[in-house]
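Residues per chain are reported as follows:
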Amino acid sequence: MKKKIIELCGGKDYNFSRFQSNLKHQVDQDLILRKIAEWLCDIFRQADYEEEKIGRDLYRFGRRFFETYGDRLARNCGASHILPDHQRISRKQEQVVIELFNAARLAGFLGDITRKQLARILVCVLDTSYTAKQMVDRLGNLRPEYEELYGALKKIFTRIFPLSRG
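Cut-offs applied
Residues numbered from 1 in each chain as written. Predicted model: local features only at pLDDT ≥ 70, side-chain atom pairs only at ≥ 80, totals over all residues. Heavy atoms only, no water. Buried < 20%, exposed > 50% of the residue type's maximum accessible area, 1.4 Å probe, protein only. Helix = DSSP H or I, 4+ residues; strand = E, 2+ residues; numbered from the N terminus. Arc of directions from axis to C-beta. Patch = residues over 30% accessible without salt bridge, like charges linked within 9 Å, V, L, I, M, F, W, Y side chains within 5 Å. Areas by Shrake-Rupley, 256 points an atom, 1.4 Å probe, with all protein chains shown as cover. Salt bridge = Lys/Arg side-chain N within 4 Å of Asp/Glu carboxyl O. Phe/Tyr/Trp six-rings, centres within 6.5 Å; stacked < 30°, edge-to-face > 60°. Contact = heavy atoms within 4.5 Å. Axes fitted to C-alpha atoms, helices over the stretch in contact; angles between N-to-C directions. Parallel < 35°, antiparallel > 145°, perpendicular 65-115°, else oblique. Left-handed = near helix turned anticlockwise from the far one by under 90°. Nonpolar A, V, L, I, M, F, W, Y, C, P; charged D, E, K, R; others polar.

Visitor: I keep staring at helix 1 (residues 2–9) and nothing clicks. Help me out?
Guide: Note on helix geometry: an α-helix contains 3.6 residues per turn, so any two residues three or four positions apart are oriented the same way. Along helix 1, the residues that are buried comprise I5, I6, L8 and C9. Summarising the axial view, the buried residues of helix 1 lie within an arc of 165°, below the 170-degree limit, and thus occupy one face. Opposite its buried face, helix 1 presents the exposed residues K3 and E7, each directed more than 90 degrees away. Just beyond helix 1, the residue with positive phi is G10, at close to 80°.

Visitor: How should a nonpolar patch on the surface be read in this particular structure?
Guide: Side chains of V96, L100, F101 and L110 sit close together on the surface and give an oily, nonpolar patch of about 280 Å² of accessible area. Per-element tally for the nonpolar patch: the top contributor is helix 6 (residues 94–106), with three residues. With respect to the helices and strands, the residue V96 is situated in helix 6.

Visitor: What is the right way to read the packing of aromatic side chains from this model?
Guide: Aromatic ring pairs are described here by two measures, namely the spacing of the ring centres and the angle between the planes. Enumeration according to the criterion identifies 12 aromatic pairs in this entry. Taking 6.2 Å as the distance between ring centres and 65° as the angle between the ring planes, the aromatic pair formed by F19 and F65 counts as edge-to-face. Of this pair, F19 sits in helix 2 (residues 16–23) while F65 sits in helix 5 (residues 56–76), and the two are 46 residues apart along the sequence. Each member of the pair, F19 as well as F65, carries the same accessibility label: buried. When the centroid spacing of 6.2 Å and the interplanar angle of 25° are considered together, the rings of F61 and F65 count as stacked. Of the two residues, F61 and F65 are both situated in helix 5; the distance of four residues between them amounts to about one turn of the helix. Given a relative accessible area of 1%, F61 falls into the buried group. Residue F65 is classed as buried on the basis of its relative accessible area of 0%. Through a chain of ring-to-ring contacts, three or more aromatic side chains come together here, namely Y14, F16, F19, F61, F65, F66 and Y69.

Visitor: Sorry if this is basic, but what is going on with the environment of E51 here?
Guide: Locating E51 in the fold gives a position in helix 4 (residues 51–54). Not counting residues up to four positions away in its chain, the partners in contact with E51 are R56 and Y59.

Visitor: For this particular structure, what's the right way to read the side chain of R138?
Guide: With respect to the helices and strands, the residue R138 is situated in helix 8 (residues 132–140). Judged by relative accessible area, which is 4%, R138 ranks as buried.

Visitor: What's the story with the packing of helix 6 against helix 7 (residues 115–125) in this structure? I'm lost.
Guide: When two helices pack together, their arrangement is captured by the angle between the axes and the distance separating the axes. Contact pair helix 6 / helix 7: the axes reach a minimum separation of 11 Å and the direction vectors enclose 150°. If you check the angle between helix 6 and helix 7, you find them roughly antiparallel. Considering the relative orientation of helix 6 and helix 7, their crossing is right-handed. On helix 7, the residues that touch V97, I98, F101, N102 and R105 of helix 6 are R115, L118 and L122. Residues of the contact of helix 6 with helix 7, tallied by class, amount to five nonpolar, one polar and two charged.

Next up, the structure:
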């Protein structure tokens, strides 16, 4: 696949504009995009997503590739939208974000969303190691250190959105 990308980029500099221009002339664009996506995912995973290990040009190409074609690839797989890894919420804030959303859910301000539905959303938007099932379990285990947060958010949500509660 590397050979095909280099061919479409017009050289080893992984020129994305040239790639896009040359891709337009390919008959099997979706197949090419899918194969390149698989190849890039393998490369990025093997290098722990570190630019230094991947190489600056290929790293930038990969980022632009998924920013540009991510939604198209997702639609072809039955999804409506994907969020590239670099746009996900950092693990540094992961636990706080989980608690904030869980507090909003428990206070009734996310409608009648279930723990399972919220878990799927959080796994998509957080840069997390949780699987969807692990996130469901995590949402069911309220952390005592965030107990105050739950009470405070419920109070705030009730004051700000008094009519939106069901």
